[in-house]
Amino acid sequence: MDLTEMITIEGDTTPPSTWRVMSSMVVTPSLVSAGRCFAALEDDNVVAGQNNAIVVTPKDQNGNVIDSFGLEFIAQVEGSSLDQPISVTSSYSFDDLDYKIFFSVPFMGSFTINVMLANEQIQTIYIDAASVICDDINSPNSSPNTVGNACVCDDTFARSESGLCSRCPAGSQPKSNPEKGCESCALYPGTVSVFGLQCVQ
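The following paragraphs examine the structure supplied in this document. Quick caveat, the model's predicted, so the values are computed rather than measured.

### Observations concerning the sheet that holds strand E8 (residues 98–103)
One open sheet accounts for four strands, arranged E3-E4-E8-E7; its pairing is antiparallel. Strands at the two margins of the open sheet, each flanked by one partner only, are strand E3 (38–41) and strand E7 (91–93). Within this sheet the neighbouring strands show an average axis-to-axis angle of 30°, counted without direction. Inspection of the sheet shows E7 paired to E8 by three bridges, in the antiparallel sense.

Structure (structure tokens):
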């Protein structure tokens, strides 16, 4: 913060002279205050099974933002279907000079996130996690699983080495778990698979 102060010097000089004195002052934040800190989702669209982030803004008791390294924040994720709360610790970015808490919820549904500093409450965040979207561009021939945290191959398709769901080559069929790929009809003597759908007599 720059300050400008006008000082008038009176004395034997004729006429009196006016001097401008330039000075500066650096304001350093005080100790962090949990009650003044702020936390919010980086993106309101929370998706099950994917990384999401909470941005924490530390402040002192006077509301000054603290952007220096050395603090630790904890987010505790709670949900009625969770066996136990999920606790995640913050990380600090020396490039962006900010604190973030990265978290993931295991399934779609409603959750409560309590953000804390040394067991002191900062913010309570309520989220409704959506299911993943399985589109024809990034996840062809697949649909969300029952809990909405991953795309799984549709019937008659299997996970290929490229990571996408596709038909099995002729002479094979999807494994009992299609996510593990295809299996050869040679494992079942006397069977064939012309279109890679199923090994049959």
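### Notes on unusual backbone geometry
One non-glycine residue, Leu97, lies in the positive phi region at around 55°. Assignment of secondary structure puts Leu97 in the loop between E7 and E8. For Asn119, which is not a glycine, the phi torsion comes out positive at approximately 70°. Residue position: Asn119 is located in the loop between strand E9 (109–117) and strand E10 (120–129).

### Topic: the state of the cysteines
A full pass over the atoms with the stated rule returns four disulfides. One disulfide bridge connects Cys134 with Cys151, the sulfur atoms lying 2.1 Å from each other. Handedness here is read from the sign of the S-S torsion; for Cys134 and Cys151, about -105°, the answer is left-handed. Taken together, the residues span a long stretch of sequence, with Cys134 in the loop between E10 and strand E11 (142–144) and Cys151 in strand E12 (residues 151–153) at a distance of 17 residues. Linked covalently through their sulfurs, Cys168 and Cys182 form a disulfide whose S-S length is 2.1 Å. The S-S bond linking Cys168 to Cys182 shows a torsion near -90°; that makes this disulfide left-handed.

The rules behind the values
- In this numbering scheme, every chain counts its residues from 1 along its sequence in written order.
- A pLDDT threshold of at least 70 governs which residues receive local features in this predicted model, and a stricter bar of 80 or more applies before side-chain atom pairs are shown or counted, although totals over entire chains, interfaces and linings include all residues.
- Side-chain measures were taken over the full set of non-hydrogen atoms in the model, leaving aside hydrogen atoms and water.
- Two strands are said to pair when DSSP picks up at least two bridges between them.
- To qualify as a helix, a DSSP run of H or I must reach at least 4 residues; to qualify as a strand, a run of E must reach at least 2; elements of each kind are numbered from the N terminus.
- Note on method: axes are straight lines fitted to C-alpha atoms, helices fitted across the in-contact stretch only, with angles between N-to-C directions ranging 0 to 180 degrees.
- Whenever a pair of cysteine sulfur atoms sits within 2.5 Å, that pair is classed as a disulfide.

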